[in-house]
Amino acid sequence: MQIISGKYRGKKLMNIFNDTTRPTTGRVRENVFNIIAERIRDATVLDPFAGTGANAAECISRGAKTVIVNDSNPVAVDAINKNMKSIGGPAATQMDAIDLIHKLRDMKFDIVFLDPPYDGNMGPRIIELLTKFDMVRNGGVIVFETDSAHEPITFDHYNVREKTYGRAKIYFLHKPN
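Just so you know, these numbers come straight off a predicted model, no measurement behind them.

Here is what the cut-offs are and how they apply
Residues numbered from 1 in each chain as written. Predicted model: local features only at pLDDT ≥ 70, side-chain atom pairs only at ≥ 80, totals over all residues. Heavy atoms only, no water. Buried < 20%, exposed > 50% of the residue type's maximum accessible area, 1.4 Å probe, protein only. Helix = DSSP H or I, 4+ residues; strand = E, 2+ residues; numbered from the N terminus. Right-handed = clockwise from strand over helix to strand, strands pointing away. Pairing = 2+ DSSP bridges. Contact = heavy atoms within 4.5 Å. Salt bridge = Lys/Arg side-chain N within 4 Å of Asp/Glu carboxyl O. Phe/Tyr/Trp six-rings, centres within 6.5 Å; stacked < 30°, edge-to-face > 60°. Polar contact = N/O pair within 3.5 Å; in protein donor to acceptor, adjacent residues only side chain to side chain. Axes fitted to C-alpha atoms, helices over the stretch in contact; angles between N-to-C directions.

### Some remarks on the pairing of strand E4 (residues 136-147)
On a regular strand, each side chain points to the face opposite its neighbour's, so the side chains alternate between the two faces of the sheet.
At step 1: Within E4, nine of the 12 residues are buried, which leaves the element mostly enclosed by the surrounding structure.
At step 2: Remark: the strand E3 (residues 109-114)/helix H5 (residues 122-132)/E4 crossover connection has right-handed handedness.
At step 3: Here seven bridges tie E4 to strand E6 (residues 168-174), and the two strands are oriented antiparallel to one another. Within E6, the position partnered with Thr146 by the bridge is Lys169.

What follows is the structure, given as structure tokens:
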């Protein structure tokens, strides 16, 4: 796994291989970043289920202003911190994602990555909180990854674009200006 573009293009990142972390494939990450590329420079980014921190590293490489990375798994946090240290990025927090959203409720984000475990309903719950606390800036985007086998989800308050890549379904939730 490596950074796709920007200042740290080609930089190899530490990966995790275990039962609880499912890194997004390079092909899917590249497609996602092709879609949101113009939003990254100077963006404020949140990744509450950061896994290895690859999305955060990619955003830093492409010029994001502020990046907040988090994961509840200590093995993932260790990997994130190693990856962030290698590019001068921020340290990760280790919290439950819902607790993190409550803690950050007064912040506004341009980009939010949501890649929660596929076996739960955590993504829609986090989206509900982000909307309730008005944490996504007008014109911002939530990039939500889920299992393509799940029933389609509808989202109020957002313009939705979805893409399916094998098992991964990516919802791009654009908040209107």
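### Considering the environment of Arg105
At step 1: For Arg105, the position within the fold is in the loop between helix H4 (97-103) and E3.
At step 2: Residue Arg105 is classed as partly exposed on the basis of its relative accessible area, which comes to 38%.
At step 3: Linking Arg105 and Met135, residues 30 residues apart in sequence, is a C-alpha distance of 6.6 Å.
At step 4: Once residues within four sequence positions are removed from consideration, Arg105 is found in contact with Phe133 and Met135.

### Quick look at the pattern of salt bridges
At step 1: For the structure shown, the criterion picks out nine salt bridges.
At step 2: Ionic pairing is found between Asp78 and Lys82, a salt bridge with its closest N-O pair at 3.1 Å. Here Lys82 and Asp78 lie together in helix H3 (residues 74-87), a separation of four residues that amounts to about one turn.
At step 3: We classify Lys82 as partly exposed; its relative accessible area is 44%.

### Brief notes about the packing of aromatic side chains
At step 1: A full pass over the atoms with the stated rule returns four aromatic pairs.
At step 2: When the ring of Phe33 is compared with that of Phe113, the centres are 5.7 Å apart and the planes differ by 35°; the resulting orientation is tilted. A residue pair is termed long-range when its members are at least 10 positions apart, and Phe33 in helix H1 (residues 26-40) and Phe113 in strand E3 qualify at 80 residues. Taken as a pair, Phe33 and Phe113 share a single burial class, namely buried.
At step 3: Look at Phe144 and Phe155: their rings are 6.2 Å apart centre to centre, the planes differ by 90°, and that puts the pair in the edge-to-face class.

### With respect to the environment of Val75
At step 1: In this fold, Val75 is placed in helix H3.
At step 2: Since its relative accessible area comes to 47%, Val75 is described here as partly exposed.
At step 3: Sequence separation of Val75 and Ile16 is 59 residues, and the distance between their C-alpha atoms is 8.1 Å.

### Comments concerning the side chain of Glu58
At step 1: Note that Glu58 resides in helix H2 (residues 54-61).
At step 2: Reaching out from Glu58, the side chain makes a polar contact with the backbone nitrogen of Ile4 at a distance of 2.7 Å.
At step 3: From its side chain, Glu58 meets the backbone nitrogen of Ser5 in a polar contact 2.9 Å long.
At step 4: Those residues within four positions of Glu58 in sequence are excluded, and the remaining contacts are Gln2, Ile3, Ile4, Ser5, Arg29 and Phe33.

### A look at the sheet that holds E3
At step 1: Within the open sheet, the six strands sit side by side as E2-E1-E3-E4-E6-E5. Their pairing is mixed. Because the sheet does not close on itself, it has two edges, and the strands there are strand E2 (66-69) and strand E5 (159-165). Put simply, the sheet's adjacent strands are angled 15° from each other on average, direction ignored.
At step 2: By the bridge criterion, two bridges tie strand E1 (residues 44-47) to E3 in an arrangement that is parallel. Its bridge partner being in E3, Val45 is matched across the sheet by Ile111.
At step 3: Together, E1, E3, E4 and E6 form the strand contacts of H5, whose direction differs from that of E4 by roughly 170°.

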